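In case you want the letters, here they are:
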Amino acid sequence: MIRPATPADVPVIHAMVRELAEYERALVDARATEEQLRDALFGSDPAAFALIAESDENAEGEGGTAGEPVGFAVWFRNFSTWTGTHGIYLEDLYVRPRARGAGHGRALLAELARICVDRGYQRFEWSVLDWNAPSIAFYRSLGAEPMDEWTVQRMSGEPLHTLAALAQSDENPNRATALSI
């Protein structure tokens, strides 16, 4: 069963985020706290949304009990200037190893696709590590297409702060005076 996450799910979402980070060989980078996740998902101005996959009545085959959270998806709205519509960007999708193969990942993606269609969104996008062959094959089986011409860019840490300082500099003639997102 797929359902919207609730504040009570934050500890298990946090635990699964860390499991995902370990699988992706980046546990040291998974620094988000439960409090940060709670605020991002359920604060006064949510920045993201989450779905929970629960095991069903046949959970014995999944190594768990019925109703136990076995997977999650965290997503947020994006916007395309080309289509003039919002879309969904899937930040994380994870199903615990013992529950894989039972359809939870497909069900999470199907629910996100339903949200897109129901809301008139034109795109559903996400990134996948290039070495994650099982996930890539799974996504292809659903009809997802790689965006081979695009390369993800990221700025964080010192380069982010250095560039931000440029925008705040009194010497910058193009400095924004009031920008609020």
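Conventions and cut-offs
Residues numbered from 1 in each chain as written. Predicted model: local features only at pLDDT ≥ 70, side-chain atom pairs only at ≥ 80, totals over all residues. Heavy atoms only, no water. Salt bridge = Lys/Arg side-chain N within 4 Å of Asp/Glu carboxyl O. Buried < 20%, exposed > 50% of the residue type's maximum accessible area, 1.4 Å probe, protein only. Axes fitted to C-alpha atoms, helices over the stretch in contact; angles between N-to-C directions. Helix = DSSP H or I, 4+ residues; strand = E, 2+ residues; numbered from the N terminus. Parallel < 35°, antiparallel > 145°, perpendicular 65-115°, else oblique. Left-handed = near helix turned anticlockwise from the far one by under 90°. Contact = heavy atoms within 4.5 Å. Nonpolar A, V, L, I, M, F, W, Y, C, P; charged D, E, K, R; others polar. Pairing = 2+ DSSP bridges. Phe/Tyr/Trp six-rings, centres within 6.5 Å; stacked < 30°, edge-to-face > 60°. Lys NZ or Arg CZ within 6 Å of the ring centre and 35° of its normal. 1 Å grid on protein atoms, 1.4 Å probe; cavity = no way out; pocket = protein on both sides within 12 Å on 5 of 7 lines; lining within 4 Å. Points joined across faces, edges and corners; volume = space filled by probe spheres on them. Expected span 1.5 Å × (residues − 1). Arc of directions from axis to C-beta.

**Some details on the pattern of salt bridges**
In total, this model carries 6 salt bridges according to the counting rule given. A salt bridge links Asp9 to Arg3; the shortest N-O distance between them is 2.7 Å. Under the relative-accessibility criterion, Asp9 is labelled buried at 6%. Two residues, Glu68 and Arg98, come together in a salt bridge whose shortest N-O distance is 2.4 Å.

**Observations regarding the packing of helix H3 (residues 104-119) against helix H4 (residues 133-141)**
In the contact formed by H3 and H4, the axes pass within 12 Å of each other and the chain directions differ by 50°. On the basis of the axis angle, H3 is oblique to H4. Where H3 crosses over H4, the two elements pack in a sense that is right-handed. In this structure, H3 contributes Gly105, Arg106 and Leu109 to the contact, and H4 contributes Phe138, Tyr139 and Ser141. Looking at side-chain class alone, the contact of H3 with H4 contains 3 nonpolar, 2 polar and 1 charged residues.

**Some details on the pairing of strand E5 (residues 123-126)**
Two strands pair when backbone bridges link them, and strand E4 (residues 85-95) and E5 are joined in this way by 4 bridges, in the parallel orientation. From the neighbouring strand, Leu90 faces E5, where its bridge partner is Trp126.

**Brief notes about the packing of aromatic side chains**
Within the structure shown, the criterion is met by 7 aromatic pairs. With a centroid separation of 6.4 Å and 50° between ring planes, the pair formed by Phe72 and Tyr94 is classed as tilted. A residue pair is termed long-range when its members are at least 10 positions apart, and Phe72 in strand E3 (residues 69-80) and Tyr94 in strand E4 qualify at 22 residues. As far as burial versus exposure is concerned, Phe72 and Tyr94 are alike and both buried. Among the aromatic residues, those joined into a ring-pair cluster are Phe124, Trp126, Phe138 and Tyr139. Above the face of the Trp131 ring, Arg25 is positioned so that its terminal group lies 3.8 Å from the ring centre. Its guanidinium or amino end placed over the ring of Tyr23, Arg100 lies 5.6 Å from that ring's centre, counting from NZ or CZ.

**Here we look at unusual backbone geometry**
For Arg25, which is not glycine, the phi torsion reads 60° and is therefore positive. Looking at Arg25, the relative accessible area reads 63%, which means it is exposed.

**Quick word on the layout of surface pockets**
Here the second largest pocket defines a volume of roughly 190 Å³. Lining the second largest pocket are 15 residues, with Pro4, Phe49, Ala50, Leu51 and Trp75 sitting closest to its centre. A total of 4 residues in the lining of the second largest pocket trace back to one element, the largest contributor, which is H3. Here the lining of the second largest pocket is composed, by residue class, of 11 nonpolar, no polar and 4 charged.

**A short note on H3**
Helical periodicity: at 3.6 residues per turn, an α-helix aligns residues three or four positions apart in one direction. With 16 residues, H3 should reach 22 Å at 1.5 Å per residue; the first-to-last C-alpha distance of 23 Å fits that figure. Buried within H3 are the following residues: His104, Gly105, Leu108, Leu109, Leu112, Ile115 and Cys116. Buried residues along H3 cover an arc of 140° about the axis, so they all sit on one side. Opposite the packed face of H3, turned more than 90 degrees from it, sit the exposed residues Val117 and Asp118. Within two residues after H3, Gly120 carries a phi angle of roughly 75°, on the positive side.

**Overview of the sheet that holds strand E1 (residues 2-4)**
Taken in spatial order, the 5 strands of this open sheet run E1-E2-E3-E4-E5, and their pairing is mixed. Edge positions in the sheet fall to E1 and E5, since each of these pairs with one other strand and no more. With direction set aside, neighbouring strand axes in the sheet form an average angle of 30°. Note that E1 and strand E2 (residues 49-54) share 3 bridges and pair antiparallel.

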